[in-house]
Structure formats: structure tokens, C-alpha cells
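For reference, the chains in residue letters:
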Amino acid sequence: MDFPVPGPSTAYAVSAKHILLSEILSVTSVMRKNSRWALSTPSLTSRDSTLASSLGLRVSKATVNTYASSRGSTEQELMMGFQDLKLLIKDIEDIHSLPLSTLLSPFLAIIRSPLSTGPITSSALTALHNFFLCGLVHAEATSLPSALTELSGALSSCKFEASDSSGDEVTLLKIMAVIQDAMCGSVGRNLGDIEVCEMLETVLTTSCQMRLSEILRRSAEGTLHQLVRTVFARLYEFDPELEERKVADNDGTEVGEMKMSVSTSGPPSEGHTPSDEHGDDVEPPVPASPSAQVEEEVPPTPTVPRPAYGLPAVLELLRVLINILDPNDQAHTDSTRLTALRTLNVAIEVAGTRICAYPSLSTLILDHGCKFLFQLARSDHPVVLQTALRTIATMFETMRPKLKLQQELFLAFTIDRLAPPAGSSTRSLPLAQKALTNASRPGSSAPSTPHLGPTPSESDTEKAPSTPRLLTAPARGDTRELLLETLCQMSRHPSFMVDLYVNYDCDMNCENMFERLIEFSAKGIYPAQTVGGHDYHLQNSQYLCLDLVLAFVGRMASRAEGASQAWPSQFPRPEELQHTKSKKKLLLAGASRFNVKPKTGLAFLEENKLIYSDPTQSRAVSLATFLKNSAHLDKRLLGDFISRPENLEVLKEFMRILDFKGKPVAEAMRELLETFRLPGEAQQIARITETFAEVYFATEPEEVKSQDAVYVLAYSIIMLNTDQHNPQVRKRMTLEDYMRNLKGVNEGSDFSPEYLRDIFESVRKREIVMPEEHTGQLGFEYAWKELLARTRQSGEFIMCNTVLFDADMFKNVWRPVVSAIAYAFITFDEDYIIERAIAGFRQCATLARHFSMPDVFDFVVISLSQATSLLSDAQPAQVPNYPMVDVDGQPVTVSSLSVKFGTNFKGQLAAVVLFNIVNGNANALREGWTQIFEMFQTLFLHSLLPSRMLQMEDFLGGASIIPLRRSQPTRVPPRSDGLLSALSSYLMTPYGSSTDALVPDATDSDVENTLCTIDCISTCRLDELYAQIMQLEAEPLVAAVRALEALAHERTVARLKLESDDVSAAPGTTQPSLYALPYDPASVYLLETMVSIARQTPQYIEDVWPIVFEHLSALLSTPTQYSVLLIERAVVALLRLCPLLAERETLHDQIYLSFDLLARLPPSVASSVAEQVVSGLTRILQQHRDIIRSQTEWNIVFALLRSTISHPDASRQSFDILSALSMDGPEQFVTPDNFAGLVNALDEFASVADIAVDAQQQGRRTQSLNASNSPIVERGRKAIDMIADLKKFWSRFAETSSLQKNYVWRQFGLPVLASLAHQSSNTSREIRHAALVHLQRILLGPHLPIDEGNHNQIEEIFNRVIFPLLDELLKPQTLLRDPLGLPETRLRASALLCKAFMQFEAREDQTADIRVLWIQVLDLLDRLMHVDRRDQLYEAIPESLKNVLLVMNATGLLVPPTSPEDTREERQVALWAATHERIERFLPGFLDEIIPTPPPQPAPEPSQAPSS
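What you see is a predicted model; the values in this text were computed from it and never measured.

Quick notes on the rules
Residues numbered from 1 in each chain as written. Predicted model: local features only at pLDDT ≥ 70, side-chain atom pairs only at ≥ 80, totals over all residues. Heavy atoms only, no water. Helix = DSSP H or I, 4+ residues; strand = E, 2+ residues; numbered from the N terminus. Buried < 20%, exposed > 50% of the residue type's maximum accessible area, 1.4 Å probe, protein only. Contact = heavy atoms within 4.5 Å. Areas by Shrake-Rupley, 256 points an atom, 1.4 Å probe, with all protein chains shown as cover. Axes fitted to C-alpha atoms, helices over the stretch in contact; angles between N-to-C directions. Parallel < 35°, antiparallel > 145°, perpendicular 65-115°, else oblique. Left-handed = near helix turned anticlockwise from the far one by under 90°. Nonpolar A, V, L, I, M, F, W, Y, C, P; charged D, E, K, R; others polar. Pairing = 2+ DSSP bridges. pLDDT = per-residue confidence, 0-100. Phe/Tyr/Trp six-rings, centres within 6.5 Å; stacked < 30°, edge-to-face > 60°. Salt bridge = Lys/Arg side-chain N within 4 Å of Asp/Glu carboxyl O. Expected span 1.5 Å × (residues − 1). Core = buried A, V, L, I, M, F, W, Y, C linked by side-chain atoms within 4.5 Å. Polar contact = N/O pair within 3.5 Å; in protein donor to acceptor, adjacent residues only side chain to side chain. Patch = residues over 30% accessible without salt bridge, like charges linked within 9 Å, V, L, I, M, F, W, Y side chains within 5 Å. Lys, Arg positive; Asp, Glu negative; His and termini not counted. Charge placed at Lys NZ, Arg CZ, Asp CG, Glu CD.

J.: Whenever I open this one, the overall build of the chain confuses me. Can you help?
T.: Counting its regular elements, the chain contains 65 helices and four strands. Residue burial in the chain is summarised as follows: out of 1508 residues, 53% are buried. Contacts in the chain between residues far apart in sequence, at least 24 positions, make up 76% of those at least 6 positions apart. With an accessible surface of roughly 66,200 Å², the chain has 52% of that area assigned to carbon and sulfur atoms.

Given below as C-alpha cells:
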């Protein structure tokens, strides 16, 4: 039944007196309907006070002022009360002037009387309700406080005879309405604490009585909620300090009167058995009477009104509600707890934030409230669980600053229930959490990288303790979903994750709750392996976890964009918190290492200055302090460690930290043994007890006379603890037994019985056990006390939506976050989820850029790339012939990928998102470039890349499109001058087979899907990204090029090795041949892209070059094993990059490494790329000739030029280069460094002509090659002239470079002469004769740079120039090359031999021994003369020899013997003898004929003296 709430706006047309009289009539009418009431007659003893006064009677004031005290005991008195009231107001028009208590008295008497029936009481209650409505009961009424007191008492003690249940419940509903009128109306503020408690108790009890109908209880609960809102709203008006003093002052004075209790007399809820309530929390209910009633008696109505209610009433209400929640109190059923939960939730919703201002209220909630609520959060009753969770969420929403550790406990417990790993340890859990869950979770103390796979198995050191414990069942189905919903609701604040990080992760004594929650949420997005339930529940759980993750990322992105708060100055400094976080991480890592191997852990701790860092502290004190204060150490291992002999000092300091002074020995032992597990070895136990005895006895304990006595007591306590609490011990030790065992141990005397009794009882009642091993309710109570103790030190919960910690937070959790978002994007199909996942990706990319974390950006790209389906592991040997269709005038290739990708909506989304993220953020990418270029590669192979990204450039035909198949013709027409590049030649080669022409047909559906793919690729803006690559900074650019090189290496070098090994290992392979890879367009594309990027970023060539060169050198090292096009592109790439190297002084040496690599190409390969090589070299020499500075560098350049000579067209350009170099102009290009190389290169051109002419003659062609009909011979002829012309530089070098003449001869003169001599046997007659002529002119001319006094140089002319020439000409095979022209050459050469000898050796001033050289000359003349007797040489040789002999004779070198006395010098004698002997072999008598022996001269006569 609904009643309107009274208010000041309620208006009535009738007077209050009329309403009062009408209500009196209504009530008395109902009374008269009852047969018992109808027979009642008025009592004569009851008279009106006015009549008594008129008769002169004396009437007491009590009789006049109170009705309730003297009336109501009989029906007549109750009826007479109304008659008296009517007489009282008969002559009074303004009844507001009368005391309100007088006006209400008869009505209240009816309500209070047990004689009343349900209808009568109901009518009286209706009257009271109307009085509130019409304003009769108002805030300014006379004697309002006393009236309200009476009203409260009447309502709370309302009794009436039961009739029908429905009517009785209507009466109870009216009681609720009147209570609501009183408390929620204008007069409610005048109620006292006791009255409010009475009314609240009445409504609360009604709502909890299970024997009442559901409608009545729900209605009463609705009234209760309204009353609670009203009462708790007053907290905003109270002065907290004043109210707290009032509570302290009233403590004990009115507690009994204000004590509220709740009765649930009626059938208990199913599954619960009612029992008496215990303790002082709730009063036992009054036994139920036969009549329907609210089961509480009210204290007598006070005569002095109390002050308006305040904090005491609120506190009492809160106490009662919280006590009802106690899950261990079996007096209350789940239904009662539900009522209390809903009511408490209303109270916190209304005034949760204000409750924090009242210590008495907040303490109640922080302690018992949280404790009971957290225990109810384990309930299996779904409604209880839901309501408890709602209340908990409301509590954290409004009171979070006061609930730091409580929130930590709840979050940890919730996460454990949602994600309980199997077989895990609880060792590292906070104590209260373990007791609350009675379950286990991973025991690793050090934080680790989030792992989304199966939980790794634990090591032996991380196994759970052997103490048995109850396991909390993991949350499943609706329960799991409900817990997740609660987590999501709690985390809706923008600063929630920041607050977790600041308050917990940056607190040394708290768990890393932020990391745990993110790790759990990320794992929760994956399909659960151990959590049961329907698919709907599992999927919804995944969505909720995704919401948590995406909310975290979204809010962090918002803060990065400026939506953050400033860090308040009163909070701890962010630097301190971050330092604490770093130190905590190290401590956890050290503790983890200690738990595996203490020595390793201590070394780690010392290295990081976490121990032994204070020079004023001893090492033992420092280590003991760490061991005592670290909560993450394995207690079993700790006990074993400190009880070792070498750690005795540490053990002593450890015990001194505990401070046993003034503590009983049992409590001291308890405190000690709660810090570590007692080891099992007897010696270790003895060591611990001995040390304890020493430390404890030093505190001078009472009644203990010696250290030995303490030692015995300590041992006895350990044994007593085992005896009393070990379930395997059947016969327990008694106190007498214990006392008997300790007789005479205190220095020969006994301990007092009281002393030993205290020890015995302490151990018997409370087992000495490590806190981690407490189980059940006892363990929880112990843990809760520890949590409350920590609460007093932990401070308030810091709340600030700051951006200061976002970088560290994101750095810690980005990997599982991005992985989870990627999984959601790939797996879930709902548009909303996909849209949110896309937003999450973009936000992660934004954060990665904002925090300069390329690893994150890479991970996002890699995750999205896997969803695109554009990454393919397959490497087809050849790209198939895909059909091409014409769409709007544009050719479109319908490939397998374009058809498949066109139907893959998720893949298209991933591609668009991926490239939209990368576009504009390319500088943030590192490892992700591999996936980007792999997708480019896939799109290239299926003709889906923009045309700009498909071009390759060279020096010949500009840009061309990379062919996808070997048989595809080039799109670039041949050059007009007939010069074809290796590319064109390669592409025109008919490689195709008959099957290549078979092109499948494309269906309309295939074309449509392909168009969808093209639209998607167009949306991805790949060309924009490609352009951005050229604008990258150094680090991302290097990463991009490295990724390209890795992909190219995989398709070339790695693939070659793999396939060649397979071929070699194939059965039947006897002699493994050189395996060659087939043409792979992707390898060409990757190479071209890599080089294009390098060329367009010249500022970073120093960083990029090593990567590119590594790949190019790998290709060019084995060029015959790759396709011709790939090698050509590698050569072009090398030459296109060389100009960039030339602009960097530090990279000049790399140019020559590249040239050398090209020069060493096999002839077949070199010929195919000769045009490209010479074109590139020409460009470098034209633009950067100054970079070639040394002889070695010039030699490499000339070697590269010589490698192109065999190509008919490339050789023309090469010769032009040499011509330009040797040209004598304003700028001299010939230097001492390049002179020899230039000679060798020109000599090579002449040699090529030699080969060409010889080949032509071997072919027996009619027309011989000469300079007029053969460019090769022409270039050879010019090369001879150019070599000879180089003699002009000899004198210049000697003058400008200050070179010695001997150096000029050896380095510059001799190479020219040797080259001319070499070409003097050339098959081409023109070249041969020109070379011989030039040789003769130079040798016999005036410019030869020799020192005539240096006979070694003369010998070199003959030994290295003339003699080799004649030797070559005398060879039979040389004659065969030109049988007609070679005799003439021999003749000229023989003449040159003789002339040279005469000029250089047959000199008058010759002092050197020329015999050896002269004999060699005679040998050659002998051979020349007899090589062919029909030849002209047979006649010409003697003539030439004659001239030589005559000259030698004339110069005094060759002198015949004289007689009778030989006056010749010794060298003349020797030379003549050798000459005569050698000439006599082929021309007997010739020497004597030419130089006859002079006739003997007569001896002179002695002179005679004249006669006298």
C-alpha cells in the first residue's frame, strides 16, 4: 500500500479540527463493530478535568497531562480516551494550540494496546497518517518532542489481536507508512536517537521476518531504504567533531536504550539453521507472542524530550547492518543478509563520501564491514554474491581514499577467483588474501613479462607448502561474469589504472596490482582453458576483459593528448615513487633468485646495493635486516639459511631485530617462529634455540636465572607446540606433564607454576605457526588483523589522473595488451568489438610514438600484418599466368590472392588499419618493416602494387617495369642506335613453354573480388607510405633497409644454399653440378626497392651502404648461380650507388671494393653486364674523377674497363674513356699513378684486335679485318698510337714530380716499350707494323729516359723489350697467323736489334762487359738467318751483322789479335774470342773477312851510335 509523503505543499480545504473529529469517529466506529468493544460501558472512575474543577475537586497534574499512563488497560478506558479528547476540543477552534501529545494520545493508546484488533489498530494508524498529511503534526507543534517520543514508543511496541493474515499485514504496512511520515517528513529532525533507532528497528525487523509475505517484506524494505536515505543524508549536515564527541560522551549511558536487534522469527531460509546470536553485536529477539507483532519492547517513554538525533543513531544502524552480514553468524539467513546488504548499499550510495569524515563510521566499515563483505563475495548464493559485489563496488566508489589495502585484497581475491592457475603456490600472496581465498596462485615473487600461453610448470622451489588448505572453486558461468562486471565497474574511473600503479606497484609492501590486473585482463581475452561454462558466458567474459584492456589504453591515450591532471604537491614526489618501484623490482628479483639459490640471490642484491650498502652497518646487520623485512622470501629456505654455521652472526642480528624485551618466552618464541619455518635438522634447531637463549636472556626476563634455562624452555615450547597441535599425536601432554618435565632446569630450581601455566596455555590455545600456514576462519581472522595493522601505516589511497607514470606503465604491459587486442581483432566477429579493437591499435600506436617505444609500434604492425593474410610463406618457382581483364579501360590482373583477399573482410580491415597507422608514423617503426615489405612483396607478385613501386632504373633505357615472368617481353623499345641492354636481351630470350600460354578464365565473381582488393589497396595509400620511407630518419631507415636485405637474402642466398643442398643430396646425383636459381621477380623487386631507398636518402648512405653491399657482394660472388636479370640489376645497383659513395670521404674505399668485385666477374657474366658497367663507370669518372688518387685505385678502374673490352658496344665507350684520359689538353689526366694502368688497358685493346683478326683468319674469310672495316682493329691501331704518344709524359713527370730518371725509366718508359714490343707481334699487320715503327722511333730517338751510363737499363731494353719480341716472332705459331706479312716484320725487328745494339752498346766509351748480351744478339741473328733460308733474312742478316761488327771494331770493342805481341786489353781478347767462336757456327770465316787479322809487324831494329 502506497502512502503519499507529507510535505509543506499539502493543502486541505477543511480544518484540522474537522479532520481530527472525523478520524475519532472512524476509529470509534470500527471499535464499536467489535462485539467485545460494543458491550463496553464508560467507567465512572474516569472524569474530565474540567468537570472535576467545577465541582471543587483537586486533580493531579499527572492526571491532566497524561492519558497514556492511566488509560488503555481496558476497552472502556480506550474508548473513553476518544470521548475525553472530543470534550477537550469541543470549544477550541484552533486545536494547534493544544499539546500534540494530548491530541494523539487516544490513537497511540489503541496502537499500543494488546486488546486492540487488526482493523482497530489499522484505523488508528490511518488517522495518524492523515494527521501528518493535513499538517496537524508539524514541526512547530506544541510538545512535539514528547509526542514523537510517544509515537515512536507506540509504533515500536504495537500489539493487536491477530485476525486474517492479509488484514494484519495491511496494518503492518500502515505502521511502515506512519514511521516514514514521522522520519521523512518535516518533523523527522525533531526525533531523538532512541526514537530513530526504535523506528528503524521496527522497519528492519519487519523486512526480515520470513513468516510475513514477500510483498510486505519488500514494502517494508522499501520503507527502510527511504528511512536510511533520510538518516544518512543528515551526515552532510552534522559537524563531525561535535558528533564524534557526542558518541564518546554517550558511550555507555544510552547504549542500552539505543541497542537495536533484529528478529527473524519465522521459517528460516532453506539450507540455514537459526541459532542464538552470539556476542554483543545483536540482542536476542523477544520470544514471539501468539499475536502478530513487531518483536521488540521499547523502554518507558521519557518525560524529558531528548535532543534531535545525530551520529549515535547512524552508528547504531550501521553497526546492526554490518553485524547481520557476518557469514559465520548462523542466526541470520541469506535473506536477512540480502536485506542488510541492500540497505547498506543505499546508505553508502547516499553518504559514502561523507562517512569518511566520521572516524567511528569509517572504522566500522573498514574493519567489520569490509571483512564481512569480502567473505560474502565468496558466496555460492547468486543473489547474495551479486548484492555483495554491488555493495563492495559502491563502497570503493565512494570511500576509495580510506580503503587502500582493502581494495588491494579484494582485487587480488577477485583475480584469483577469475584466473586460478593449477598447482600454484600461495607463498608470495599477501597474508589476508591467502586466508580470504584459501586458494593458491603463482608463487613467483619477481614480476615477469606477461605470458599469454599455458602457465609454465613451477620449479621445486616454488611449490606450495605441504600444509593442507581448502581451495576456493574458480568462478564459472554467471559468477565469473558478475565478478568481471564488478571489476569493469570499479575500473571505470579514468585514473583507476594510474591509481593502482601509484598506490600498489610503487609501494614496497603491496603487490603489483596494476600489472596483475592488466595481465589477467589480457589473458582473459583468450579462450579459457580451465574455466567452465556456456559459450555465451565465456565470450561475454572475453568481451569484458577486452573492455578493461581497451579502457586502459584509451584513457592513457587521452592523457597523452592532454586530458590529465596536475600532480598535487601534498602527494609523494613522483621521482620517489618511481625509485621505489625500481627498488621493488630489484628486491623481487633478488628474492626470487634467493628462493632458487641463496648465494646467487645475495650476490644479486649486493650488486644492486640492496644489502651491504651502509658503511656504518656491519654485513651481518645489513643482511639480517633484509631477511627480516622481505616478505617474498621462501620461509623454509630462510630458516635453513640463517641456521647454517657460517651464518651464526646473521642469526643473532636477525633475533635482535625482533626485540624480545619485556615479552614472555612463549610470545618471543612465537614471534621468532612466525618469521621462518623451523628447519628439520636437529643441529640447526639446536643452533636456533641456542642463539635465541643468548639473545632472549640478554633482555633480562623475569624468573629466568640462566641462558641454559632459556634454552631448555625454548626446546620445551617447540616440543609442546608439536604435541598439542600435531593430529598424529593421540595422547596429549597435560600441564602436569609439562611442569614435571621442567623440574629443576632453572639453575637447579623450578619455575613457578603460574609461569609454566601461562606458557602451556599460550601454546595450547594458539598454535605457533607461520602466518602463511594459517588456514580456515582462524587464519582469516589473523590475516585481517595484520591487514588492519598495515592500514594504519599505509596511508590513504592516492587518486590523480596524472600522465607522469604512463610511460613506465605502458612499458611494463604493452606486449600482452597489444597481443590481446590483436587476438580480439582476429577472432571476434562483432562489428562493435572489431571497431573498438581498431581504435585500440591506433591508440597503442599513438602511445608508442608518444613514448618513443618502437618495440610497441613494431608489435602492433606485426600483429595486424598477421591478420591481413598478406604474409605468405610459400615461394613459388614461377609466377603463374593470371588472367587479365579490362575494367574501364584499365587492365586488371585477376590473381588468386586478389580473389581471396577480396572476400576476406577482416583481412582488408587489418590492412587498412595497419597502413593508416604506419602512414605518418613510419619513423616509429623498426622490426615491423619486415612485415611491411613482405606484404609489398606479396602484392607485387600479384600485380597489386602501384606502378611507381614497380620500376627499375639503369643507365641505358631509363625506367622499366620489373617482369613477373621470364617470357614476358620488355615494355621498353630497343634503343635507336641498336644497343641492347642485358635486360632487353634477357627478356627477348624465348624461355616460355607451351604451358605458359594457358591462362585460366576469370569469372565475374573473381573480377568483383579483385576490384574489392584493388579498392582496399588503394585505401591503404601504399604509394604515400613508399614516399614517406624516403623521408625517414636514420634509425628507422636503416631498419627498413635491413628488413629488405633480410627478405632478399632469404629469396636468394639462403634459398640457393637450401636448394643446392637438396639437389646434391638427391639420389642418383654423382657429380654435383653448379646449381642455378630460376628467375625470381620478387628478389629483383626487393633489390630495386632497397637500392631506390638508398639512392634517395644520400644523407644516410654511410649507414645504409654496409647493408646493401653485403647483399650485392653475396650475389656477385657467385653470379652464375642467379638469373641474368638479377645479376644485371645488382651490377647496376652497385654502380648507381657509387656516386653517393664518392661524395663521402669515408666511403671512397668502398668504391674500389665495388669496382674490384665487378672486375672479378666471370667473362660470360662480365660481357652480359658490360654496357651497364661502362655506363656507370663513365658517369663516375665524369663527375668524381678526383676521387681516384692512387695507383692501386687506378689499376682497379682500368681492370674494370678491361673487363668490358670483349663486349663490342661497351668496348667503344671504354676506349673513349681511355682516349679522354690520354688526351693532352689544358687539363692533364695522365698521372704517374695511372700511367702504367693506362698502358696496360690500351695494350689490352690492341690484344683484342689481335684475337679478332686471328679469329677471322681462322674462319678463312675472304676479306681480312683492318682499321677501315673493323672498329676493333681501328681501336687497336689507335691504341698503339696512344701508347707511343704517352712518351711525352716522361719528361713532364721527371720535371713536375721530381722523380729520378731511373724511376721514370722503370715505371713509365719500360712499360711503354714492353707494350709496343708485345704488339709488334700482333696478328693485325697494321697494328704490328705501327707498333714496331713506334718502338724503333722511341728506342733510337732522343727521348728515351735512360742513363747511358747505367748498363742495367741497357740490358733491360734488350731483355724485356727486343729479345722477347724476337723470340715471339721466331715462334712457328706466330708465323702461321700472318705467313705473308710476318717475314717482313722479322726483317724489321732484326734490323732494330742491330741498330739498337750499335746505339746502346757499340759505343766508344763503353766500359761494361757486353759479352753476354752480345752473344744473345748473335744467337738471335743465327736463328733469324736460318729460320727460313728462302726468306730475305738469310741475305739481310749477314749485312746487318757486318755493320755491327764494323762499328764495334771502330769503337775498339771488337779488336782482332795482333802479333807478334797481343796488345789488346783483357776484355777485348775475351769479346773477340767469344764473337769469333759464335759467328763461326753460322757464318764460318765471316768475322775474319770483315775484320781481318792485321799482318805481323817486324820488330824494330836497335839504333846504332854515329861514328866519330
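J.: Please clarify how the packing of helix H57 (residues 1301-1319) against helix H59 (residues 1351-1369) should be interpreted in this entry.
T.: The description of two packed helices rests on the angle between their axes and on the distance between the axes. The N-to-C vectors of H57 and H59 enclose an angle of 15°; their axes lie 9 Å apart at closest approach. Here H59 runs roughly parallel to H57, going by the angle between their axes. The hand of the H57/H59 crossing is right-handed. Residues Asn1302, Trp1305, Arg1306, Leu1310, Leu1313, Ala1314 and Ala1317 of H57 form the contact with H59, whose participating residues are Gln1353, Glu1356, Ile1357, Arg1360, Val1361 and Leu1365. Within the contact of H57 with H59, the residues separate by chemical class into eight nonpolar, two polar and three charged.

J.: Please clarify how the pairing of strand E2 (residues 890-893) should be interpreted in this entry.
T.: In the case of a regular strand, side chains alternate between the two sheet surfaces. One ladder, built from four bridges, connects strand E1 (residues 884-887) with E2; its direction is antiparallel. Bridge pairing in E2 places Asp886 opposite Pro891. Two successive antiparallel strands, E1 and E2, enclose a turn made up of two residues, where Asp888 displays a positive phi of approximately 55°.

J.: When you look at the environment of Ala668 in this model, what are you seeing that I'm missing?
T.: The residue Ala668 is located in helix H29 (residues 665-673) in this model. A relative accessible area of 0% places Ala668 in the buried class. In contact with Ala668, other than residues within four places in its own chain, are Phe660, Phe692 and Tyr696.

J.: Even after reading the chapter, I still don't get the confidence of the model for the chain, so can you show me in this structure?
T.: Do not read the predicted coordinates in detail wherever pLDDT is low. Averaged over all residues, the pLDDT of the chain equals 81, while 84% of them reach at least 70. Every residue in residues 266-303 scores below 50 in pLDDT, and together they form 80 contacts with partners more than four places removed in sequence or on other chains. Scored below 50 in pLDDT, residues 968-996 shows 37 contacts in the model against residues more than four places distant or in partner chains.

J.: Which parts of the structure should I look at to understand the packing of aromatic side chains?
T.: Per the counting criterion, the structure on display carries 42 aromatic pairs. Seen from their ring centres, Phe660 and Phe692 are 5.3 Å apart, and the 65° between their planes marks the pair as edge-to-face. Highlighted residues: Phe660 in the loop between helix H28 (648-658) and H29 and Phe692 in helix H30 (residues 682-697), separated in sequence by 32 residues. Judged by its relative accessible area of 1%, Phe660 is buried. Ring plane angle 75° and centroid distance 5.2 Å describe the contact between Phe1235 and Phe1308, whose orientation is recorded as edge-to-face. Taken together, the residues span a long stretch of sequence, with Phe1235 in helix H54 (residues 1235-1258) and Phe1308 in helix H57 at a distance of 73 residues. Put simply, the rings of Tyr501, Phe514, Phe552, Trp567, Phe571 and Phe805 pair up and form one aromatic cluster.

J.: Got a minute to help me understand the side chain of Arg670 in this structure?
T.: Relative to the elements of secondary structure, Arg670 occurs in helix H29. Among all residues touching Arg670, those that are not within four sequence positions of it are Ser762, Val763, Arg766, Glu767 and Ile768.

J.: Explain the environment of Val203 to me, please; I cannot follow it from the model alone.
T.: Among the structural elements, Val203 can be located in helix H10 (residues 193-208). Note: C-alpha distance between Val203 and Val262 (59 residues apart in sequence) is 9.8 Å. If sequence neighbours within four positions are ignored, Val203 has contacts with Met176, Ile179, Ala220, Thr223, Leu224 and Leu227.

J.: Help me understand unusual backbone geometry, please; the structure alone is not making it clear to me.
T.: With the exception of glycine, the majority of residues adopt a negative phi angle, and the majority of peptide bonds are in the trans configuration. Positioned with a positive phi, Ser852 is a non-glycine residue whose angle comes to about 55°. With respect to the helices and strands, Ser852 occurs in the loop between helix H36 (831-850) and helix H37 (854-868). Within the chain, Ser869 stands out as a residue other than glycine whose phi angle is a positive 65°. Inspection of the secondary structure puts Ser869 in the loop between H37 and E1. The partly exposed category is assigned to Ser869, whose relative accessible area is 35%.

J.: What should I look at first to understand the pattern of salt bridges in this one?
T.: Opposite charge on two side chains lets them pair, provided their charged atoms get close. On inspection of all chains with the given rule, the structure shows 61 salt bridges. A salt bridge links Arg319 to Glu316; the nearest nitrogen and oxygen atoms lie 2.4 Å apart. One end of the pair is Arg319 and the other is Glu316, both in helix H14 (residues 311-324) and three residues apart, which spans about a single turn. One salt bridge in this structure joins Glu1059 and Arg1055, with 2.8 Å as the shortest N-O distance. Taken together, the positions of Glu1059 and Arg1055, both in helix H45 (residues 1053-1065) and four residues apart, correspond to about one turn of that helix. On the basis of relative accessibility, which here comes to 8%, the residue Arg1055 falls in the buried class. Through salt bridges with shared partners, a single network forms among Arg1051, Arg1055, Glu1059 and Asp1080.

J.: Is there a simple way to explain the packing of helix H39 (residues 905-918) against helix H42 (residues 1004-1020) in this structure?
T.: The N-to-C vectors of H39 and H42 enclose an angle of 20°; their axes lie 8 Å apart at closest approach. Taken together, the axes of H39 and H42 lie roughly parallel to each other. Where H39 crosses over H42, the handedness of that crossing is right-handed. Along its contact with H39, which presents Gln908, Ala911, Val912, Phe915 and Asn916, the element H42 presents Cys1012, Cys1016, Thr1019 and Cys1020.

J.: Can you walk me through helix H18 (residues 404-418) in this structure?
T.: Within an α-helix, residues lying three or four positions from one another point in the same direction, as the helix has 3.6 residues per turn. Look at H18: 21 Å from first C-alpha to last across 15 residues, which is about the 21 Å you get at 1.5 Å a residue. The buried fraction of H18 amounts to 15 of the 15 residues, a majority that puts the element mostly inside the structure.

J.: Please clarify how the nonpolar core should be interpreted in this entry.
T.: Counting 395 residues, the largest nonpolar core has Trp929, Ile932 and Phe1155 as the members making the most contacts within it. At 13 residues, helix H48 (residues 1124-1142) tops the list of elements feeding residues into this core. Once you skip the residues sitting within four places of it in the chain, Trp929 turns out to touch Ala922, Leu1025, Ile1029, Leu1032, Pro1036, Ala1039, Ala1040 and Ala1043. Core analysis: the next-biggest nonpolar cluster, separate from the first, contains 55 residues, Ala668, Phe676, Ala714 and Tyr738 among them.

J.: Quick question: what am I supposed to make of the environment of Glu781 here?
T.: Mapped onto the secondary structure, Glu781 falls in helix H34 (residues 776-794). Here the alpha-carbon distance between Glu781 and Lys371, two residues 410 residues apart in the chain, equals 9.1 Å.

J.: Explanation requested: the side chain of Ser521 in the structure shown.
T.: Structurally, the position occupied by Ser521 is in helix H22 (residues 513-524). Of the residues examined, Ser521 reaches a relative accessible area of 0% and is grouped as buried. Of the polar contacts made by the side chain of Ser521, one reaches the backbone oxygen of Leu517; its length is 2.7 Å. Not counting the four nearest positions on each side in its chain, Ser521 is found in contact with Cys545, Leu548 and Val549.

J.: Sorry if this is basic, but what is going on with helix H51 (residues 1170-1184) here?
T.: A rise of 1.5 Å per residue sets the reference length of H51, with its 15 residues, at 21 Å; its end C-alpha atoms lie 20 Å apart and thus fit the reference within 8%. A large share of H51 lies buried, amounting to twelve of its 15 residues. For H51, the full list of buried residues reads Ala1170, Glu1171, Gln1172, Val1173, Val1174, Ser1175, Gly1176, Leu1177, Thr1178, Ile1180, Leu1181 and His1184. Packed against the buried residues of H51 are H48, helix H49 (1148-1159), helix H50 (1163-1168), helix H52 (1191-1202) and helix H53 (1208-1222).

J.: Would you mind going over a negative patch on the surface with me for this structure?
T.: A contiguous patch of negative charge, built from Glu702, Glu703, Glu754 and Asp758, is present on the exposed surface. Examined against the element boundaries, Asp758 turns out to sit in helix H33 (residues 753-765). Given the relative accessible area of 54%, Asp758 is considered exposed.

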